[in-house]
Amino acid sequence: MSGAVNGAVSGDRVVVALDVGGTGMKCALVRPDGVAVRTERHPTDAARGPAAVIDTILDVADGLIGKARADGLTPVAIGIAVPGVVDEARGVAVWSANVGFRDVPLRDLAVTRLGLPTALGHDVRVGGLAEARLGAGRGADHVLFVAIGTGIAAAHVVDGVAAVGAHGAAGEIGHIMVRPDGPRCGCGRPGCLEAIASAAAIGRRYTELAGDGAEQTPGAAVTAAMVAERAAAGEPLAARVWQEAVEALADGLATGQALFDVSTIVLGGGLAQAGDGLLGPLRAALHERMTFHREPRLVAAALGDEAGCLGAALLALDAAGVRDTDAARVLDHQEER
Ligand SMILES: [Zn+2]
């Protein structure tokens, strides 16, 4: 593995990165400094079943390797991010409802077929890795990345490494109980953070309280983004639902801060696109909850939906022993000062 890296001329090495989601795959060839030199998107088409999805992943990676070589680049490693429960140490996609994976040894399959060192990661953890090393958390050594979308999950990144947990399931901040008498979560327990403050939960709650009047178009659900807009426009019901979600999030983040004592919390996922409409009230609510804990900086994610793909690239670079991104990071630090 290190032979391939050392044998390449510095500057022409790239890694192959794939972020596999329930509907699509974001793929790229990424240089050691974190710059994507080629990006592609492919449908996952998960309804075809796990075996077909695995074939597509390997075909797409194989295609990118060929394109890199055709461009005179040297692919040195592969990074693949998938959702669900991921055992990164064994390279196994343990469980993923979105993609239909159950105990898929994806790393070994890739190594066997493609012949390059391969790292497998969890989509939110690698997204957090990218935000911590290249995005909104850059320069901070202790970062909590929280992705708020259909669900809520987090990645705790210390010195550029995301904690995986003993079973590949670290960071499930969405299942912290914040309202014991709250709505039941998809996991089966009542009052989980994501049952109240995920984008899906916010839209659902608003629709519930508003009754039939909530929908602009018959049959179209009210989204969290619409609730955010209406709250900003001063609609009392939207403001109430939004504030409920903010308070629940603040409870969850305060618990996160009690556990991890980070310097920066980066908010990503769809809900973070509400920008200051979320960050403003959330900063205030979190501030109220800090007693002896130091208050973290609360910022919006910077890499958007590229974070997972870039994070998969970082895993691949780490697997190949290429740490040029750290050099870039140190240089950036110096420039900021
Ligand atoms: Zn739950």
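Residues numbered from 1 in each chain as written. Predicted model: local features only at pLDDT ≥ 70, side-chain atom pairs only at ≥ 80, totals over all residues. Heavy atoms only, no water.

Student: Help me understand the overall build of the protein, please; the structure alone is not making it clear to me.
Tutor: Across its full length, the protein holds 11 helices and 13 strands. In the protein, of all internal contacts separated by at least 6 residues, the share reaching a separation of at least 24 is 63%. For the protein, the accessible surface area stands at approximately 14,700 Å², while carbon and sulfur atoms represent 53% of it. (Helix = DSSP H or I, 4+ residues; strand = E, 2+ residues; numbered from the N terminus. Contact = heavy atoms within 4.5 Å. Areas by Shrake-Rupley, 256 points an atom, 1.4 Å probe, with all protein chains shown as cover.)

Student: Looking at this model, I keep getting lost on the coordination of the zinc ion. Mind explaining?
Tutor: Six octahedral donors around a metal ideally make angles of 90 or 180 degrees; four tetrahedral donors ideally make 109.5 degrees. For the zinc ion, the full set of protein donor atoms is His-175 (ND1), Cys-185 (SG), Cys-187 (SG) and Cys-192 (SG), and the range of their distances to it is 2.0 to 2.4 Å. Its 4 donor atoms give the zinc ion angles of 103 to 122° at the centre, a pattern that matches the tetrahedral case. Spacing between the donor residues of the zinc ion along the chain follows H-x9-C-x1-C-x4-C. One end of the pair, His-175, is in the loop between strand E11 (161-162) and helix H5 (193-197); the other, Cys-192, is in the loop between E11 and H5, with 17 residues separating them in the sequence. We classify Cys-192 as buried; its relative accessible area is 0%. (Donors = N, O, S within 2.8 Å, 3.2 Å for Na, K, Ca; no water. Tetrahedral: all angles 85-135°; square planar, octahedral: opposite > 155°, others 65-115°. Buried < 20%, exposed > 50% of the residue type's maximum accessible area, 1.4 Å probe, protein only.)

Student: How should the sheet that holds strand E6 (residues 92-96) be read in this particular structure?
Tutor: Consider a sheet: its strands pair through backbone hydrogen bonds, and that pairing is either parallel or antiparallel. Spatial strand order, E5-E6-E7: 3 strands in an open sheet with antiparallel pairing. Edge strands, defined here as strands with exactly one partner in the open sheet, are strand E5 (85-87) and strand E7 (101-104). The average undirected angle you get between the axes of adjacent strands in this sheet is 15°. Relative to E7, E6 is paired through 3 bridges, and the arrangement is antiparallel. Bridge assignment links Trp-95 to a residue of E7, and that residue is Arg-102. (Pairing = 2+ DSSP bridges. Axes fitted to C-alpha atoms, helices over the stretch in contact; angles between N-to-C directions.)

Student: Would you explain the nonpolar core in this entry?
Tutor: Nonpolar side chains in soluble globular proteins generally cluster together in the buried interior. Counting 40 residues, the largest nonpolar core has Val-146, Trp-242, Leu-249, Ile-265, Leu-267 and Leu-282 as the members making the most contacts within it. Put simply, the parts of the chain that give this core at least two residues each are strand E9 (142-148), strand E10 (152-158), H5, helix H6 (199-210), helix H7 (224-232), helix H8 (236-260), strand E12 (264-268) and helix H9 (276-289). Sorting elements by how many residues they give to this core places H8 first, with 10 residues. In this structure, Leu-267 is in contact with Val-146, Ile-148, Leu-253, Ala-272, Leu-278, Leu-279, Leu-282, Leu-298, Val-299, Ala-300 and Ala-301, ignoring residues within four places of it in sequence. (Core = buried A, V, L, I, M, F, W, Y, C linked by side-chain atoms within 4.5 Å.)

Student: Help me out: how do you make sense of the sheet that holds E11 in this one?
Tutor: The strand order across the open sheet built from 5 strands is E11-E10-E9-E12-E13, with neighbouring strands paired in mixed fashion. Edge positions in the open sheet fall to E11 and strand E13 (297-300), since each of these has one partner strand only. Looking at chain direction, E12 and E13 are connected through 4 bridges and run parallel. Within E13, the position partnered with Ile-265 by the bridge is Leu-298. In this fold H9 packs onto E12 and E13, with an angle of close to 160° to the strand it touches most, E13.

Student: How should H9 be read in this particular structure?
Tutor: Because each turn of an α-helix spans 3.6 residues, side chains separated by three or four positions in sequence point in the same direction. When the terminal C-alpha atoms of H9 are compared, their 19 Å separation across 14 residues agrees well with the 20 Å that a helix rising 1.5 Å per residue should span. Packing partners of the buried residues in H9 comprise H8, E12 and E13. (Expected span 1.5 Å × (residues − 1).)

Student: Help me out: how do you make sense of helix H3 (residues 106-114) in this one?
Tutor: For H3, the full list of buried residues reads Leu-106, Ala-110 and Leu-114. The buried residues of H3 occupy one face: seen down the axis, they fall within an arc of 35°. The inward-facing, buried residues of H3 abut helix H2 (50-70), strand E4 (74-82), E7 and strand E8 (118-122). Within two residues after H3, Gly-115 carries a phi angle of roughly 70°, on the positive side. (Arc of directions from axis to C-beta.)

Student: Can you help me understand the packing of H2 against H3 in this one?
Tutor: Between two packed helices, what matters for the description is the angle formed by their axes and the separation of those axes. The geometry of H2 relative to H3 is characterised by a closest axis approach of 11 Å and an angle of 45° between their N-to-C directions. One finds that H2 runs oblique with respect to H3. Crossing of H2 over H3 shows right-handed handedness. Contacts between H2 and H3 involve Ile-54, Asp-55, Ile-57, Leu-58, Asp-59, Ala-61, Asp-62 and Ile-65 from the former and Leu-106, Leu-109, Ala-110, Arg-113 and Leu-114 from the latter. (Parallel < 35°, antiparallel > 145°, perpendicular 65-115°, else oblique. Left-handed = near helix turned anticlockwise from the far one by under 90°.)

Student: Help me out: how do you make sense of the pairing of E9 in this one?
Tutor: If a strand is regular, its side chains alternate between the two faces of the sheet. Counting buried positions along E9 yields 6 of 7 residues, so the element is predominantly enclosed. Sheet topology note: the E9/E10 ladder contains 7 bridges and is antiparallel. Bridge pairing in E10 links Ala-147 to Ala-153. Here E9 folds back onto E10, and the loop between the two strands holds 3 residues. Pairing geometry for E9 and E12, over 5 bridges, is parallel. Considered in E12, the bridge of Leu-144 is made with Ile-265.

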